[in-house]
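Residues per chain, in single letters:
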Amino acid sequence: MPVSWSSSQIISFNFHQLAGTIFRKYPNEYAQHVVSVDVLDRSIDPETGVLRTERLIGVHQPAPRWVASLLGTNAESYAREVTFLVPESSDAPETQPPTIIVSSINMSLKNVLTCYERISYVPSRLKPKQETVMTTIAEISAHGKLRDGGMTARKVGRKFEDYSLERYKVNSQIGRKGLDSKLEQYFPDHLSDRPKEDADNE
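Keep in mind the model is a prediction, meaning the values are calculated, not measured. (Residues numbered from 1 in each chain as written. Predicted model: local features only at pLDDT ≥ 70, side-chain atom pairs only at ≥ 80, totals over all residues. Heavy atoms only, no water.)

## Considering the sheet that holds strand 6 (residues 113-123)
Here is step 1 of the chain: If you trace the 7 strands from one edge of the open sheet to the other, you get 1-7-6-5-4-3-2, paired in antiparallel fashion. Because the sheet does not close on itself, it has two edges, and the strands there are strand 1 (3-11) and strand 2 (34-44). The sheet shows a mean angle of 15° between the axes of neighbouring strands, direction not considered.
Here is step 2 of the chain: Two strands pair when backbone bridges link them, and strand 1 and strand 7 (residues 132-142) are joined in this way by 9 bridges, in the antiparallel orientation. Residue pairing across strands places serine 4 opposite glutamate 139, the latter belonging to strand 7.
Here is step 3 of the chain: Together, strand 1, strand 6 and strand 7 form the strand contacts of helix 4 (residues 151-186), whose direction differs from that of strand 1 by roughly 15°. (Pairing = 2+ DSSP bridges. Helix = DSSP H or I, 4+ residues; strand = E, 2+ residues; numbered from the N terminus. Axes fitted to C-alpha atoms, helices over the stretch in contact; angles between N-to-C directions. Contact = heavy atoms within 4.5 Å.)

See the structure below:
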């Protein structure tokens, strides 16, 4: 049975600042495990104005010995990431605000385990000019004998799912730190540009 996790966070930068940074997140000091980022495709829908970007992310992150012995693989893996930048509706901007949707899934070992991630970014309803809401959903599922095999195999599969989910949570925190570091790098004066009462309340 798949394991899942979700979270919602506030980013203290506005949506336009985030949109200008999301594709420049790597490299950063917190994500040294990300070793390559290749753009596979980028296009704009002429009717909707939606920007679609597809990337291949290369990661080097050693696994525990029991995982390596189970899978017989090295520390390098790849994930496919598809990002949609959806402009706000000119007819109803309040009900359809600008949105960024980032979906990714592992390409390596996907016959054994899949990790699906979906992150959305929308302007904060309370402070749309200062903040962005980031919502993350992740689902991890074992496959093959680790899901459909005997009792021992299923126990190993559940252990692998639980381990992968915990590692995902750690990497998610690292990813947020990396994103924040790039936002602060590109917009170092963002706090001074905000209303004084907002900055005082942080």
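## Remarks on empty space enclosed by the protein
Where empty space is left in the structure can be found by rolling a water-sized probe over the atoms.
Here is step 1 of the chain: Under the defined criterion, the tally for this structure stands at 1 cavity of 30 Å³ or more.
Here is step 2 of the chain: Approximately 1200 Å³ is the volume found for the largest cavity.
Here is step 3 of the chain: Along the wall of the largest cavity there are 48 residues; nearest its centre are Val59, Gln61, Ala79, Cys115 and Asn171.
Here is step 4 of the chain: Contributing elements (two or more residues each) for the lining of the largest cavity: strand 3 (51-60), helix 2 (65-71), strand 4 (76-86), strand 5 (99-106), strand 6, strand 7 and helix 4.
Here is step 5 of the chain: Broken down by element, the lining of the largest cavity gets its largest block of residues, 10 residues, from helix 4. (1 Å grid on protein atoms, 1.4 Å probe; cavity = no way out; pocket = protein on both sides within 12 Å on 5 of 7 lines; lining within 4 Å. Points joined across faces, edges and corners; volume = space filled by probe spheres on them.)

## Comments concerning the packing of aromatic side chains
Here is step 1 of the chain: Applying the stated criterion across every chain, the model contains 1 aromatic pair.
Here is step 2 of the chain: For the ring pair tryptophan 5 and tyrosine 168, a centre distance of 5.9 Å and an interplane angle of 70° mean the geometry is edge-to-face. Taken together, the residues span a long stretch of sequence, with tryptophan 5 in strand 1 and tyrosine 168 in helix 4 at a distance of 163 residues.
Here is step 3 of the chain: When its relative accessible area of 8% is taken as the criterion, tyrosine 168 is described as buried.
Here is step 4 of the chain: Across from the ring centre of tyrosine 186, 3.9 Å away, lies the NZ or CZ of arginine 24, which sits over that ring.
Here is step 5 of the chain: Sitting over the face of the ring of phenylalanine 23, arginine 42 holds its NZ or CZ atom 5.1 Å from the ring centroid. (Phe/Tyr/Trp six-rings, centres within 6.5 Å; stacked < 30°, edge-to-face > 60°. Buried < 20%, exposed > 50% of the residue type's maximum accessible area, 1.4 Å probe, protein only. Lys NZ or Arg CZ within 6 Å of the ring centre and 35° of its normal.)

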